[in-house]
Amino acid sequence: MIRLLRSLCLVLFFAPALTAAERPNVILIMTDDQGYGDLACHGNQQIKTPHIDKLHSDSVRLTDYHVDPTCSPTRSALMTGRYSTRTGVWHTIMGRSIMHKDEVTLGDVFSEGGYTTGCFGKWHLGENYPYRPQDRGFDEVVIHGGGGVGQTPDFWGNNYFDDTYWHNGKPEKQTGYCTDVFFDHALSFIEANKEKPFFVYLPTNAAHGPFLVADKYSQPYKEMGIKSPRAEFYGMITNIDENVGRMREKLTEWGLDDNTLLIFTTDNGTAAGHRDGGYNAGMRAAKGSEYEGGHRVPCFWYWKGKLYGGRDVDQLTAHIDMLPTLADFCDLKVPEDRTIDGKSIRPLLEGQEDDWKERVITVHSQRIEHPEKWRKSAVMTERWRLINGQELYDIVADPGQKSNVASGHPNVVKRLVHQYDQWWESIDDRFGEYVPLYVGSQVQNPVLFTAHDWHTDQREIPWNQPHIQRDLPGSGTWIMSAYRAGKYRFTFRNRPPGVDHPLEATRIKIKVGEKTSEALLDPNQRQFYLVTELPEGEFPLQTWMDCTDGKTRGAYYVTVEFIE
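Keep in mind it's a predicted model, so treat the numbers as computed, not measured.

1. Description of helix α6 (residues 215-223)
Moving on, step 1. Every buried residue of α6 is accounted for by Tyr-217, Ser-218 and Tyr-221. Looking down the long axis of α6, one finds its buried residues gathered within 80° of arc, a one-sided arrangement. In α6, the exposed positions that point more than 90 degrees away from the buried face belong to Asp-215, Lys-216 and Glu-223.
Moving on, step 2. Contacts made by the buried residues of α6 are with α7 (230-253).
Moving on, step 3. Directly after α6, the chain includes Gly-225, whose backbone phi takes a positive value near 95°.

2. Some points on the sheet that holds strand β15 (residues 384-387)
Moving on, step 1. Read from one edge to the other, the open sheet built from 4 strands follows the order β13-β14-β15-β16, with strand pairing classed as antiparallel. Two strands bound the open sheet, and with one partner strand each, they are β13 (361-364) and β16 (391-394). Going from strand to strand, the sheet's axes swing by 20° on average, the running direction of each strand aside.
Moving on, step 2. Summarising the sheet, strand β14 (residues 377-380) and β15 pair through 3 bridges and their orientation is antiparallel. Residue pairing in the sheet places Met-380 in a bridge with Arg-385 of β15.

3. A few points about helix α9 (residues 322-330)
Moving on, step 1. Counting buried residues along α9, 8 of its 9 residues qualify, which places the element largely inside the surrounding structure.
Moving on, step 2. For α9, the set of buried residues is Met-322, Leu-323, Pro-324, Thr-325, Leu-326, Ala-327, Phe-329 and Cys-330.
Moving on, step 3. Note on α9: the residue one or two positions beyond its end, Asp-331, has a positive phi of about 55°.

4. With respect to the packing of aromatic side chains
Moving on, step 1. With the rule as written, the count across this model stands at 33 aromatic pairs.
Moving on, step 2. Measuring from ring centre to ring centre gives 5.2 Å for Tyr-420 and Trp-423, while their planes differ by 50°; the resulting arrangement is tilted. Residue Tyr-420 and its partner Trp-423 are located together in helix α11 (residues 410-427), separated by 3 residues, close to a single helical turn.
Moving on, step 3. The buried category is assigned to Tyr-420, whose relative accessible area is 0%.
Moving on, step 4. A residue is classified by how much of its surface remains accessible, and Trp-423, at 8% relative accessible area, is buried.
Moving on, step 5. Geometrically, the ring pair formed by Tyr-420 and Trp-424 is stacked, given 6.0 Å between the ring centres and 20° between the ring planes. One end of the pair, Tyr-420, and the other, Trp-424, are both in helix α11, 4 residues apart, so they sit about a helical turn from each other.

Conventions adopted
Residues numbered from 1 in each chain as written. Predicted model: local features only at pLDDT ≥ 70, side-chain atom pairs only at ≥ 80, totals over all residues. Heavy atoms only, no water. Buried < 20%, exposed > 50% of the residue type's maximum accessible area, 1.4 Å probe, protein only. Helix = DSSP H or I, 4+ residues; strand = E, 2+ residues; numbered from the N terminus. Arc of directions from axis to C-beta. Contact = heavy atoms within 4.5 Å. Pairing = 2+ DSSP bridges. Axes fitted to C-alpha atoms, helices over the stretch in contact; angles between N-to-C directions. Phe/Tyr/Trp six-rings, centres within 6.5 Å; stacked < 30°, edge-to-face > 60°.

Here it is as structure tokens:
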């Protein structure tokens, strides 16, 4: 009876429908590698997050909200409302962190709905046209390259402080710490567009490793006896917290608090909060895992005067729900020509959960060239977790996933296996496709390929700049596609354009499609050029160099330019 009365009150409270003029602004903050337990409001007695704690107390909190266990898959699912593997994304490197160009993103949906859109921070869904955020519906863009500051596609030498980021596609020197810079740009964008509806996507690089932050943030934790790298990791989160507080103060100052929906979430489980006796909210495992600590993360929804805050939603929800839910709140059109796996959770957020039907949600962590069935997977209901098709956990009775009860519940296992089989069959129709790197576009010419996107079975590839600095051996294939037939110039380097460094090799072999060419090199030369005709279409590109250290490796960077 009490629950019924409460629901009736909430229905009355939310009864008036929003007019077009009342559509909210939306700010979506998603931090990197921050787990459910990396907040004081979730029981962590060491970390200091007063501003996010206040947001938590004011918000509707999704307590059983799940994402993929790593970065790019979560981002693709959140952007599209579709399971990440449908979009071509199931890794964070090896060309498998790039979404198919025919996907429709939150940026597209908001832009088409009349919103001004901005993306500030970590994109990690493609570096070149047509995969950049400015190609995906975002009007204003400030991002670093790759999956983290200092990775191979990022501007050379970036280290979180006074970096150079891409501002609407052009490198631009910044002043300050990475998180501060991204919030600065987001706030400038909001101030400039406060008289019209806006959507801000603010995916921070922090608290992704390497764990770098000013001493004033990490030292207090070291004085508490917390060791590195957890002290720096916590310091990065405290800096994020400071910026969240700054964001809320500005929204109030500008009179935007009443009509702005502010969402705070993270992209996967903790990367460092569980180390050395750290707090993980009683969950098993961390980032990258199929167990709860890999993919259950915070998600707070705050809308002053519209959402009844200070309340938990315990039903199972996920990243795939973000697009349909925001479309519901903001009167936006959801694509009808494709499967949308998520559903609007507006009824749950508004306290109208009586008619909510339980569902099954699946996440997995592939991180290989081609997906494998059952690999690092979790099939979830509100009570059960089926792990890798073999282990079953009663998450209500056993939130730490310590007791495998599969043998005692064969019918549950059978049902969830069947659900997974259906799910797998529905997402596997594009597993054989590559998401190619396009050349010859009139929008972006030349383009830069990096070893971050090599397709290979090699165990370790040079996905970050330290790998390149120590000349990590190996080679891989770029899958490229030419928009136009014609003559192209390829420039092969060991460092990105503008960075002076020798090839340190005596011979190079290049395969473009079915054509192979070889040439002798002077170890001191800085680059090697190849001009060749390309037909329109898709084909592989790979290089091998005989290096002066006796090892073989591919060129880490290749510039491809259509010349006539």
